[in-house]
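Coordinates in review
Residue-level listing of the chains:
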Amino acid sequence: MTISGRAFPLSRRAALAGAACLALPPPVHAADWTFDAYARAMQASGRATDLTAQTFAAMRQRRGHALQQLETWLRGELGTADPTVMRAIAALPREYFHYDYAAGRSFARDAYDWYPRAWPIGHGSTLSALNVQAYMTQLVQPRPHETALEIGTGSGYQAALLSRLARKTCTIEIIAPLGAAVGRIFGPLGLDNVETQVGDGYDGWPQERDGFDIIVVTCAAQAVPPPLLRQLRPGSGRLVIPVGPPLRTEQFLYLFTRDADGRVRSRRDIGVWFVPMTGRIAGG
Amino acid sequence: MGYSGGASSGQEWVSLVPIDLAARATPVRLLPLFLVSMAAIGYEIALTRFFAIASWSEYGYWVISMTMVGLAASGIAASLLQRPILRHAGRLLAVIPPLLILAAALGWTWTTLVPFNPLELQNRQLWADQLGNIAQYYAALFPFFFLVGFYISLYFMVHSAAIGRVYAFDLAGAGLGAVFVLGLMFVVHPFFLIAGLLLPLAVAGVLASFFPSPLAGKVAENDISTLRVDMSGMGSARGADNEDHVGSPPALRATSPRFAWGGIGTIAALVAAEVLVCLFNPARINEYKEIYGPLNVPDSRVVATRVSPKGLYELLDNFTERLDLDMSNNSGVVPDPTLPRAYGLYADGNRLASLPRSTTVDTGYFGAALDALPYRLRRPDKVLLLGASGGFRIHEALGAGAGHVTVIEPDRTLRHALLDGLGPAPAFPPQPQVSIRDLGATAVDAIAAGGPFDVIDIGRDFVTQSDTNRAALSVEVLAGYIRMLSPQGVLSIPVSIREFTVYAVKMFGTVRHALAASGVADPAQHLVIYRSAWNVRILVARSPWPAAALQEVRDFCDARSFDPVHYPGIDPAGVRIFNELPVVSFDTVETRAGAQDAMMAEAAASLAGAPSPYHAFFRLTPPTLDRPFVNAVLPLAQLGTILARIELVPREELGTLINIAVLAQAVVIALLVMLLPLVRPSGGALPAGQFLRAMAYFAGLGLGFLFLEIYLIEKAALYLHDRVLAFGLVLATMLVFSGIGSWLAERFRSRPSYGVGLAVAVVIGWNLLLLVGLDAVLALTAAWPGWLQILIVIALAAPLSVALGMPMALGLSQFAGKRLAFLPWAWAVNGACSIVSTPLANLLAAAIGFMVLPLAGIMLYVMVVLTIPVARPTR
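So, how was this worked out
Residues numbered from 1 in each chain as written. Chains lettered and ligands numbered in written order. Predicted model: local features only at pLDDT ≥ 70, side-chain atom pairs only at ≥ 80, totals over all residues. Heavy atoms only, no water. Helix = DSSP H or I, 4+ residues; strand = E, 2+ residues; numbered from the N terminus. Buried < 20%, exposed > 50% of the residue type's maximum accessible area, 1.4 Å probe, protein only. Contact = heavy atoms within 4.5 Å. Areas by Shrake-Rupley, 256 points an atom, 1.4 Å probe, with all protein chains shown as cover. Domains from an automatic or database assignment. Buried area = accessible area lost by both parts, 1.4 Å probe. Salt bridge = Lys/Arg side-chain N within 4 Å of Asp/Glu carboxyl O. Polar contact = N/O pair within 3.5 Å; in protein donor to acceptor, adjacent residues only side chain to side chain. Pairing = 2+ DSSP bridges. Core = buried A, V, L, I, M, F, W, Y, C linked by side-chain atoms within 4.5 Å. Axes fitted to C-alpha atoms, helices over the stretch in contact; angles between N-to-C directions. Parallel < 35°, antiparallel > 145°, perpendicular 65-115°, else oblique. Left-handed = near helix turned anticlockwise from the far one by under 90°. Nonpolar A, V, L, I, M, F, W, Y, C, P; charged D, E, K, R; others polar.

Moving on, we come to the overall build of chain B. When helices and strands are tallied, chain B shows 30 helices and 20 strands. Buried positions account for 65% of the 875 residues belonging to chain B. Sequence separation of at least 24 residues holds for 77% of the intrachain contacts in chain B that already meet a minimum separation of 6. As displayed, chain B offers around 28700 Å² of accessible surface, 63% of which is attributable to carbon and sulfur atoms.

Right, dumping it as structure tokens:
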């Protein structure tokens, strides 16, 4: 199986990882995510919502279809939909992350609209399209024993998704009002393996002495901050940077890996959104 | 066949021209027009500044389009509703200024409230909402520009007997309005410029109340008895003073207004408007701009602010601000690769540079930087830096062993920061081996006087700071830099490939042409190209690279995990790629991994003069000084594919697409305006031949004037290395001196064909002189003091502008009398075609070059002289 012509070693390792993933603690309300549970979680996280039981039910009804569409899309575009990633996505109520922190307004009712799209969440930050987040997560292949670091918490969805797949996820948000608000949303979902911080991502998370297997960076600089690369575990570490203006679905992903000898390599991943409209795919 | 457009009475065409209005068009009566024109152009420029800051500068073009809708609509309204308008002319002239104040303030406030997000416009799922926001902009600004156009049209109709003088005040007001608002920008935050622009409107309103229009005054004194109808039509051999006025138009039975209330109303409107725009101004910087994040981290502070026409400069101090440099990701290349803390300098919300926090900088990090290689290949005794990155690059060059460093820093704020410091950021400590020069990047001869140089290093942020800086990457300028290298010297050129590789490919071809232009027979022997994941550096040597240098290139890249793209003798199969880079075009995707690097294939093809293997979709024509567009790679013939891939279009290319959108709208509106008389159900008529001639005449003037103006702005921008200054200077000069030309045109009123012929002869002659000698003059004076350069630009533009101002006034003067309704129509046609010409000129320049503009201007003015719509005497 290939993605954009590149070998994508998913099958056996992913299956094992998927099985192991089941051992991770599910979110508290995942099993019975009702309107009341949603309303309680929103209240506990200090956010308002105007969703009613009826609109909640209507929105949740679209969820199954949206996930099915996502799976079909991933299969169609990538050749496969990583079952571990799909399970993790299914375990997370995406509507919980649909919140504009500048306006203080939930837009949960749009959570399962297809086609997936990016959403402004205030303070210059966005909730990326679900298919982009699914793709990026498949790209870095988190495993249950691994640790992940996210620079740029944003909506919190990516950190929550990584937390369903990795042992521990740390996330840093640079924008103070956004970071403070989003830092409160993981607890009510029972995502107790997510650690949050408001501050500078340049220095990474030095408290994690063993480094990270996965680092996801929202980065505008010309170079990956050296401290982050130092915190990338040699031999197995993967660091991914989405590049491109916010709110576009067609972003580039740069994947950096650190060899055992400390040498860093990079690969620009052009993603599935760059399939040619006409003409040819060279190489292959 | 007749075309309607004037007031009619039975079989006779009648005019509504008062008998003695030429004499009554005194300066004090025309002053309100002057002030309204002044405020209107200021408002338009202030809006472009608002869009540049709140959104991005590309969207400033849209203001032109929004302006036009209101102006064109007013011309149509004035043309169609001439009789009722003139009936209430006095009242309208008194009431419009306070209405303009309110429309300006409310329109501004509404504009700032619109939640327009340009990024969503490029998203296939989100764009629809943004169309609604754009519609809101049009709605918000329509009333102001409609009233402006209506007011000017009204003046033209009321004072049609002295059209040259009226047009002179209109133009001079607009010209000085540009100067006024640019001056305001030095002291007022761009979001509050509107507060200052309301003042001229208020003065206009008060003046109108003290010096009511002659029409209104006459009506007040003696009802309609002094107003007579001109039965003579527009006798071409008869001046206004000789008009034969008979009859009296019942349309002018107006009631007598009292004008005292006008002044009170104006003051009340001003107070309300100032309160609104000063105390409830919700304008803010787009949250997706680079400044937003750093501005909103804990303890972030704005430690210095500078306002200027060129931008709103803000210096930030917070924990995110560091020098931003492309570094090796490998550990151990240098003992400490940590980039130094800095202040962040932003212009209009875009990051401009890092400024050092102290006068000394430990540049130990520089050995791991992509930019460091040229300093290792050549002994850098004399270094030329284009852009100092706030001073960091001077420290780096000196740290790398430079003996003498010459810095070209065209941006005034950055240069002052280097020389005098900015807020808490210290000045670069004066050193005898460092000279900081106020020169533009294209002033090759002046720069060469300080050479030859061992290293010429173009800063990465230098080429992103302004388009006049980017002109450094044109073929002629690069060839000039190559010529000013010492025999062993090296020129280092940066290109970003972070999103798209096409700009690097375009630059490969540009450098090949530059080498050829500087006399190098085999460019491949003089080039080294290498890259990181996100940036390419092209090194150009004056002499072929020696083997030792090439070994240093390989070692440098290998130690830092950078990838060589080209060097003489490179074996692509033997190169280990550290940063895989599939290239992306709009119609093809290169997805090979681990095989030969696509950039290598591109470089090889480009240096061999072969077609691009992966970027054939794009226009890769090298930029030249006549077509200095380093970006502009989108092939407009493939517009369908481009729009289908709109999400991929980088911001650098958006200006082209916005130009197309504005042009399409402008053409539609211009056609509507031009053809308006065909659908007028009743009224005065113009013979078909004269109608067509008038259409061609005023369209030609609108297109031609702007073509020449844009050409001069472009030349002045590179000369003064400041586009905003060039824009303001050329615009003001041309408008003011055109106003003088318009005033002078009154002398030719009895001989309009002669006057137009004379003016066009001067226009053509001066243009030919510019074509022959302008570049030489500008090059010769490139290093002269700024104030002298400003005078030179004025001297170059003024004579031409005087001539440009005459045909419009003489043309408009043909539409007094029975053809009065054609006067606002002619003005609207001219205005509409002016708006067409702005995006059209930009697109033509990008496709062909700026040289096409004066040539097209000459042809248009030839058309003008052939189509002057001289009225025949009525029998």
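There's plenty left to go through after this.
Attention shifts here to the overall build of chain A. Of regular secondary structure, chain A possesses 8 helices and 14 strands. Within the span of chain A, comprising 284 residues, buried residues form 61% of the whole. When contacts within chain A are restricted to residue pairs at least 6 apart in sequence, long-range pairs at least 24 apart make up 61% of them. Total accessible area on chain A stands at roughly 10400 Å², and carbon and sulfur atoms take up 52% of it.

What follows concerns the domain arrangement of chain B. All names here are of chain B. The domain boundaries assigned to chain B delineate domain 1 (6-281 + 649-866) and domain 2 (475-622). With 6 residues of domain 1 at the contact, the number on the domain 2 side is 4 residues. Of the roughly 360 Å² buried between domain 1 and domain 2 on both sides combined, carbon and sulfur atoms contribute 54%. Interface area lost by domain 1 to domain 2 is led by Val-649, Pro-650 and Glu-653, which between them contribute 70%. Where domain 1 meets domain 2, there are 0 salt bridges.

Residues and elements named next belong to chain A. Its place among the elements puts Ser-155 in the loop between β7 (147-151) and α6 (157-163). At 3.1 Å, the side chain of Ser-155 and the backbone nitrogen of Tyr-157 are in polar contact. Setting aside residues up to four positions removed in sequence, Ser-155 forms contacts with Phe-97, Tyr-101, Ile-121, Leu-127, Val-182 and Ile-185.

With that out of the way, let us pick up the pairing of strand β5 (residues 119-122) of chain A. Residue and element names in this part refer to chain A. When β5 meets strand β6 (residues 125-127), the two strands line up antiparallel, connected through 3 bridges. Bridged to Trp-119 within β6 is Leu-127. Hairpin connection from β5 to β6: 2 residues lie between these consecutive antiparallel strands, with His-123 at a positive phi of about 60°.

So, on to the nonpolar core. Core analysis: the biggest nonpolar cluster contains 260 residues, and Tyr-481 and Ile-538 of chain B have the highest contact counts within it. Ranked by residues supplied to this core, first place goes to helix α25 (residues 688-720) of chain B with 20 residues. Here this core spans two domains, and each of domain 1 (6-281 + 649-866) and domain 2 (475-622) of chain B adds at least three residues to it. Counting residues in hydrophobic clusters, the runner-up holds 58 residues, among them Met-59, Ala-159, Leu-161 and Ile-185 of chain A.

What follows concerns the environment of Arg-749 of chain B. With respect to the helices and strands, Arg-749 of chain B occurs in the loop between α26 (723-745) and α27 (752-780). For the pair Arg-749 of chain B and Gly-164 of chain B, spaced 585 residues apart in the sequence, the C-alpha separation amounts to 8.8 Å.

Residue and element names in this part refer to chain B. Between α27 and helix α28 (residues 786-812), whose axes approach to 9 Å, the crossing angle comes to 155°. Compared by their axis directions, α27 and α28 come out roughly antiparallel. Relative to α28, α27 is oriented so that their crossing is left-handed. On α28, the residues touching Pro-752, Gly-755, Val-756, Ala-759, Val-762, Val-763, Trp-766, Asn-767, Leu-770, Leu-774, Val-777 and Leu-778 of α27 are Ile-792, Ala-795, Leu-796, Pro-799, Leu-800, Ala-803, Leu-804, Met-806, Pro-807 and Leu-810. Its residues assigned to classes, the contact of α27 with α28 shows 20 nonpolar, 2 polar and no charged.

Let's shift gears to the sheet that holds strand β17 (residues 563-566) of chain B. Residue and element names in this part refer to chain B. Taken in spatial order, the 8 strands make up an open sheet running β12-β11-β10-β13-β14-β16-β15-β17, and their pairing is mixed. Of all strands in the sheet, those bounded by a partner on one side alone are β12 (434-437) and β17. On average, adjacent strands in this sheet sit at an angle of 20° to one another, irrespective of strand direction. Where strand β10 (residues 382-386) meets strand β13 (residues 453-458), 4 bridges bridge the pair, whose relative direction is parallel. Bridge assignment links Val-383 to a residue of β13, and that residue is Val-455. The strands touched by helix α20 (residues 502-517) within the sheet are β14 (485-496), β15 (527-531), β16 (535-541) and β17, with β16 carrying the most contacts at an inclination of about 5°.

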